[in-house]
Amino acid sequence: MTGTTVAEVMAELAELEDPRARQVNEKHGDDHGVNLSRLRALAKRLKTQQELACQLWATEDTAARLLALLICRPKAFERDELDVMLRGARTPKVHDWLVSYVVRKSPHSEELRLAWSADPDPVVASAGWALTTERVAKKPAGLDLTGLLDVIEAEMKDAPDRLQWAMNHCLAQIGIEHAEHRARAIDIGRRLEVLKDYPTSPGCTSPFAPIWISEMVRRQHEK
């Protein structure tokens, strides 16, 4: 579907609008009403189109931006472009997809990880922690895991929600992936009690770090 215009895509997104989906999404801070499975199907039809992706992003429409992140070419963005995009990502889903689907695949990911982790804006900092969690799991060489635990222990309890969630994920990932730090990670989680009472659906694992770590380690041992 090369040659598709922004107007055509926006019209199709409007047709996909579902009031029930919007109601659910808005509870999570995402102001769009497009079912994500249908959005992914549209992206599959459009395939990779960097120019169209940039045009869709410029609309500032949440559904259009999510679609843009699915059809863009991650390595085509410059470092400063990604920084501006993150700071302008208004909704949680756009923020998460930008980090997960684009920044992680960018040659600038490590530079941005370091810059964002130290940013005074807690939402921006949460992106840095998300990238750090990725490295904890996949490329831990060179990371100061003890230092990360020190920061988490000192700052996670009073961190704003988005940043706290990202730091907690990093804490859990350290405990899951690195046995030598597991006892300390569990101890930090128990003492800080972050997300201890978070409502968890049946069959899902609690985000409370001690439970999360223990459950994932148990699954690893069962394999």
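Look up a bit, the structure's there.
Enquirer: Would you mind showing me how to read the overall build of the chain here?
Expert: Across its full length, the chain carries 13 helices and zero strands. Since a compact globule built from 223 residues should have a radius of gyration of about 17 Å, the 19 Å found for the chain is in line with a globular shape. Sorting the 223 residues of the chain into buried and exposed places 46% on the buried side. Contacts in the chain between residues at least 24 apart in sequence constitute 64% of all its contacts with a sequence separation of at least 6. For the chain, the computed accessible surface area is about 11900 Å², with 51% contributed by carbon and sulfur atoms. Seen as two clouds, the 31 positive and the 34 negative side-chain charges of the chain have centres 6 Å apart.

Enquirer: Teacher, can you tell me more about the packing of helix H1 (residues 6-16) against helix H5 (residues 62-71) here?
Expert: The relative placement of two packed helices is expressed as an angle between their axes plus a distance between the axes. As a packed pair, H1 and H5 sit with axes 10 Å apart at the nearest point and diverge in direction by 115°. Judged by the sense of rotation from one axis to the other, the crossing of H1 with H5 is right-handed. For the pair H1 and H5, contact is made by Val9, Met10 and Leu13 and by Ala63, Ala64 and Leu67, respectively. Of the residues belonging to the contact of H1 with H5, the class tally is six nonpolar, no polar and no charged.

Enquirer: Explain the packing of helix H9 (residues 122-138) against helix H10 (residues 145-155) here, please?
Expert: The N-to-C vectors of H9 and H10 enclose an angle of 140°; their axes lie 12 Å apart at closest approach. The crossing of H9 and H10 is left-handed. Between H9, through Trp129, Thr132 and Val136, and H10, the contact on the second element is made entirely by Leu145, Leu148, Val151 and Ile152. Of the residues that constitute the contact of H9 with H10, the class distribution is six nonpolar, one polar and no charged.

Rules used in this analysis
- Residues numbered from 1 in each chain as written.
- Predicted model: local features only at pLDDT ≥ 70, side-chain atom pairs only at ≥ 80, totals over all residues.
- Heavy atoms only, no water.
- Helix = DSSP H or I, 4+ residues; strand = E, 2+ residues; numbered from the N terminus.
- Rg over C-alpha atoms; globule rule 2.2 N^0.38 Å.
- Buried < 20%, exposed > 50% of the residue type's maximum accessible area, 1.4 Å probe, protein only.
- Contact = heavy atoms within 4.5 Å.
- Areas by Shrake-Rupley, 256 points an atom, 1.4 Å probe, with all protein chains shown as cover.
- Lys, Arg positive; Asp, Glu negative; His and termini not counted.
- Charge placed at Lys NZ, Arg CZ, Asp CG, Glu CD.
- Axes fitted to C-alpha atoms, helices over the stretch in contact; angles between N-to-C directions.
- Left-handed = near helix turned anticlockwise from the far one by under 90°.
- Nonpolar A, V, L, I, M, F, W, Y, C, P; charged D, E, K, R; others polar.

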